[in-house]
Amino acid sequence: MAFLTRNEVFSCFVFYGVLLVIKMYIIAIITGQVRLRKKAFANPEDALRHGGLQYHREDPYVERCRRAHINDLENILPFLFLGAIYSMTGPSLSVARLHFLVFFLARVLHSVAYLFALRAPTRSLAYIVAQIPCVSMALQILIAVAAYA
Amino acid sequence: MAFLTRNEVFSCFVFYGVLLVIKMYIIAIITGQVRLRKKAFANPEDALRHGGLQYHREDPYVERCRRAHINDLENILPFLFLGAIYSMTGPSLSVARLHFLVFFLARVLHSVAYLFALRAPTRSLAYIVAQIPCVSMALQILIAVAAYA
Amino acid sequence: MAFLTRNEVFSCFVFYGVLLVIKMYIIAIITGQVRLRKKAFANPEDALRHGGLQYHREDPYVERCRRAHINDLENILPFLFLGAIYSMTGPSLSVARLHFLVFFLARVLHSVAYLFALRAPTRSLAYIVAQIPCVSMALQILIAVAAYA
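The model shown is predicted, which means the values in this text are computed figures rather than measured ones.

Peer 1: Could you give me a rundown of the interface of chain B and chain A, with the residues and numbers involved?
Peer 2: Contacts between chain B and chain A engage 30 residues on the former and 31 residues on the latter. For the pairing of chain B and chain A, the buried interface totals around 2800 Å² over both sides, and the portion due to carbon and sulfur atoms is 69%. The largest share of the area that chain B buries against chain A comes from Glu-74, Phe-81 and Tyr-148 of chain B, three residues that together contribute 24% of it. Where chain B touches chain A, the interface holds 4 salt bridges. Note that Arg-66 of chain A and Glu-74 of chain B form a salt bridge whose closest N and O atoms lie 2.8 Å from each other. There are 7 residue pairs in polar contact (both at pLDDT 80 or more) connecting chain B and chain A. Listed by contribution, the elements that provide at least two residues to the side of chain B that touches chain A are helix 4 (60-87) and helix 6 (122-145) of chain B. Each residue belonging to the side of chain B that touches chain A can be placed in one class, and the counts come to 23 nonpolar, 3 polar and 4 charged.

Peer 1: Please provide a residue-by-residue account of the relation of the copies chain C and chain A, values included.
Peer 2: Superposing chain C onto chain A requires a rotation of 120° together with a translation of 0.0 Å along the rotation axis, leaving an RMSD of 0.0 Å. Classification of the inter-copy transformation places it as that of a three-fold axis.

Peer 1: Account for the interface of chain C and chain A, with residues named and values stated.
Peer 2: The interface is formed by 31 residues belonging to chain C together with 30 residues belonging to chain A. With both chains or domains summed, chain C and chain A bury close to 2800 Å², and 69% of this area falls on carbon and sulfur atoms. Among the residues of chain C in contact with chain A, Phe-15, Tyr-25 and Glu-45 of chain C are the three that bury the most area, contributing 22% of the side total. Put simply, chain C and chain A have 4 salt bridges between them. Between Arg-123 of chain A and Asp-46 of chain C there is a salt bridge, with its nearest N and O atoms 2.8 Å apart. Where chain C touches chain A, the interface holds 6 residue pairs in polar contact (both at pLDDT 80 or more). Broken down by secondary-structure element, the contributors of at least two residues to the side of chain C that touches chain A are helix 1 (2-6), helix 2 (8-38), helix 3 (44-49) and helix 4 (60-87) of chain C. Sorting elements by how many residues they give to the side of chain C that touches chain A places helix 2 of chain C first, with 15 residues. Class assignment of the residues belonging to the side of chain C that touches chain A gives a composition of 20 nonpolar, 5 polar and 6 charged.

Peer 1: Lay out the side chain of His-110 of chain B with the relevant residues and their values.
Peer 2: Within the secondary structure, His-110 of chain B is located in helix 5 (residues 93-115). In contact with His-110 of chain B, not counting residues within four places along its chain, are Asn-71, Arg-123, Ala-126 and Tyr-127 of chain B.

Peer 1: Let's hear about the environment of Val-145 of chain C: which residues, and what values?
Peer 2: Positionally, Val-145 of chain C belongs in helix 6 (residues 122-145). Val-145 of chain C sits in the buried class, given a relative accessible area of 0%. When the C-alpha positions of Val-145 of chain C and Thr-89 of chain C are compared, they lie 9.1 Å apart, and in sequence the two are 56 residues distant. Contacts of Val-145 of chain C, omitting those with residues within four sequence positions, involve Leu-4, Ser-11, Val-14 and Phe-15 of chain B.

Peer 1: For the relation of the copies chain B and chain A, give the residues involved together with the corresponding values.
Peer 2: In the superposition of chain B on chain A (RMSD 0.0 Å, axial shift 0.0 Å), the rotation amounts to 120°. With a heterologous cut-off of 20% or less, the 7% of interface residues of chain B that recur at the interface of chain A puts this contact in the heterologous class.

Peer 1: Quick one: what's the story with a nonpolar patch on the surface, residue by residue and with numbers?
Peer 2: All names here are of chain C. On the surface, a cluster of nonpolar side chains totalling about 400 Å² of accessible area is made up of Val-108, Leu-109, Val-112, Phe-116 and Leu-118. Inspection of the secondary structure puts Phe-116 in the loop between helix 5 (93-115) and helix 6. According to the relative accessible area criterion, Phe-116 is exposed, its value standing at 62%.

Peer 1: Explain the packing of aromatic side chains to me, using residue names and the numbers behind them.
Peer 2: Overall, the coordinates contain 27 aromatic pairs over all chains when judged by the stated rule. Aromatic side chains Tyr-16 of chain A and Phe-104 of chain A sit 5.5 Å apart centroid to centroid with 50° between the ring planes, which places their arrangement in the tilted category. Of the two residues, Tyr-16 of chain A sits in helix 2 (residues 8-38) while Phe-104 of chain A sits in helix 5 (residues 93-115), which places them 88 residues apart along the sequence. In this pair, the class of Tyr-16 of chain A matches that of Phe-104 of chain A, namely buried. Between Phe-15 of chain C and Tyr-16 of chain C the ring centres are 5.2 Å apart and the planes differ by 85°, which places this aromatic pair in the edge-to-face class. A single burial state applies to Phe-15 of chain C and to Tyr-16 of chain C, both of which are buried. The ring centre of Tyr-114 of chain A lies 4.6 Å from the NZ or CZ of Arg-123 of chain A, which sits over that ring.

Peer 1: Summarise the pattern of salt bridges; cite the residues concerned and give the values.
Peer 2: Overall, the coordinates contain 21 salt bridges over all chains when judged by the stated rule. Of the charged contacts, one joins Asp-59 of chain A and Lys-38 of chain A as a salt bridge, the two residues approaching to 3.6 Å between their closest N and O atoms. Of this pair, Asp-59 of chain A sits in the loop between helix 3 (44-49) and helix 4 (60-87) while Lys-38 of chain A sits in helix 2, placing them 21 residues apart in sequence. Take Asp-59 of chain A: its relative accessible area is 11%, and that puts it in the buried class. Note that Arg-107 of chain B is salt-bridged to Asp-72 of chain B, the shortest N-O span being 2.9 Å. Placement of the pair is Arg-107 of chain B in helix 5 and Asp-72 of chain B in helix 4, with a sequence separation of 35 residues. Because the salt bridges share partners, they merge into one network encompassing Glu-45 and Asp-46 of chain A together with Arg-64 and Arg-123 of chain B.

Rules used in this analysis
- Position labels on residues start from 1 in each chain and follow its written sequence.
- Labels follow written order: the first chain is A, the first ligand is 1, and so on.
- Local features in this predicted model are restricted to residues whose pLDDT is 70 or higher, and side-chain atom pairs enter the listing and the counts only when it is 80 or higher, whereas totals over whole chains, interfaces and linings include all residues.
- Calculated side-chain values reflect all of the structure's heavy atoms, with hydrogen atoms and water omitted.
- The contact rule is simple, with two residues in contact once any of their heavy atoms fall within 4.5 Å.
- Here the quantity called buried area is the accessible surface, traced with a 1.4 Å probe, that two parts lose on coming together, added over both.
- Definition used for salt bridges: Asp or Glu carboxyl oxygen within 4 Å of a side-chain nitrogen of Lys or Arg.
- Two N or O atoms form a polar contact when they lie within 3.5 Å of each other; inside protein one atom must be a possible hydrogen donor and the other a possible acceptor, and for residues adjacent in sequence the pair counts only when both atoms belong to side chains.
- A run of H or I in DSSP counts as a helix once it spans at least four residues, and a run of E counts as a strand once it spans at least two, with each numbered from the N terminus.
- Gly falls in the polar group here, along with every residue not listed as nonpolar (Ala, Val, Leu, Ile, Met, Phe, Trp, Tyr, Cys, Pro) or charged (Asp, Glu, Lys, Arg).
- Least squares is the method used to superpose the copies, on C-alpha atoms of residues holding a pLDDT of at least 70 in both.
- The cut-offs for exposure are 20% and 50% of the maximum accessible area for each residue type, with area from a 1.4 Å probe on protein chains only; residues under the lower value are buried, those over the upper are exposed, and the others partly exposed.
- Residues with no salt bridge and a relative accessible area higher than 30% make up the patches, which join like charges within 9 Å and nonpolar side chains (Val, Leu, Ile, Met, Phe, Trp, Tyr) within 5 Å.
- For the area figures, the Shrake-Rupley method with a 1.4 Å probe applies, and any residue is considered shielded solely by the protein chains shown.
- Planes of paired rings set the category: under 30 degrees apart is stacked, over 60 is edge-to-face and the rest tilted, where pairs are Phe, Tyr or Trp rings (Trp by its six-membered ring) whose centres lie within 6.5 Å.
- In our convention, an over-ring charge means Lys NZ or Arg CZ found within 6 Å of a ring centre and within 35 degrees of that ring's normal.

Have a look at this one:
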């Protein structure tokens, strides 16, 4: 376990990164439950198993869950890259934790705002707040490695 | 090459991780071939090159390939993160290989079930089986780094 | 900062990887601007804030931006994995930089070709050229770790 816990910043990043992966899994589970409850299946073979081909159809709330999930792919997956590299640039633990925590909380709020259709611009604000630590990390990494371009 | 092969578990993870990336690339190639064969292009400029704007259209099998690919993004990309970190928590090689192999085989079955539209719930079962090692790795990582939250 | 800059190839990879993440962020920003300008919102709550539910609608250029973004997820995110691992297999800096640079330039061209709807097959060629260093890295990694399967 030496490598993982030798770098406190990296361990802190891993903690929030894994929680965000679990958050993404939860959206996938919710999507599946909504499909079953609303009987709206993307594939005919699933519809056939759950009552008939008439349930091979779209549903607005399923599409909302899908958008929340894809937005996570667009934002959380790049964070997993940026956070790991940023942890290797030697930031102070408190500053790094602030980056990770702001991203984590803003992305949780983003999912809540999406799934509960909270009034605009709640979701957009959560998205923007989550981008701030990402852009900060990206710039700090670029400065650290610019000499190796 | 020292770093890559110093950790046997990590090397084992990398082996299956890269195979799964290649599997994703294969779905992209299949999607492109189906677009050409069925003449169903997402972009007007592609349709124009292949016979005319009437081929700027959707096709159910192309959409199936797209769903298979996006499901891979949702599951294989987080695995690439979890597997790398899990490899640094010091698991035994045999237990770790079991995690990677179950995920790998289940995701290959998932793609086959999707592309051949196998009877439900084959694809859903493959999805669930693949999630088991992921959740197991996520929990083991959280336990390893919980002190650094 | 020791770890990050101890490996020149890795630092070079990180430089181009972070630039590509920023490139993905820029597509997200463009998509948002196009939604506002064309008044085409994916969510009713966003439409309500910007003039009314009639703006909860699709727009062909927004969909084009979405396809460009998802294609990035399918290709740039796997590159972030392959490039990091490949950097640990001990390649020469010049050969490795060539891999990263070809991928970077081809993906920038891919985005430009997508957003400006350049004549086919510009975008497809950019896609294929970007895949060449990825497949090359994948094969070199597999050779390096094949013994650990």
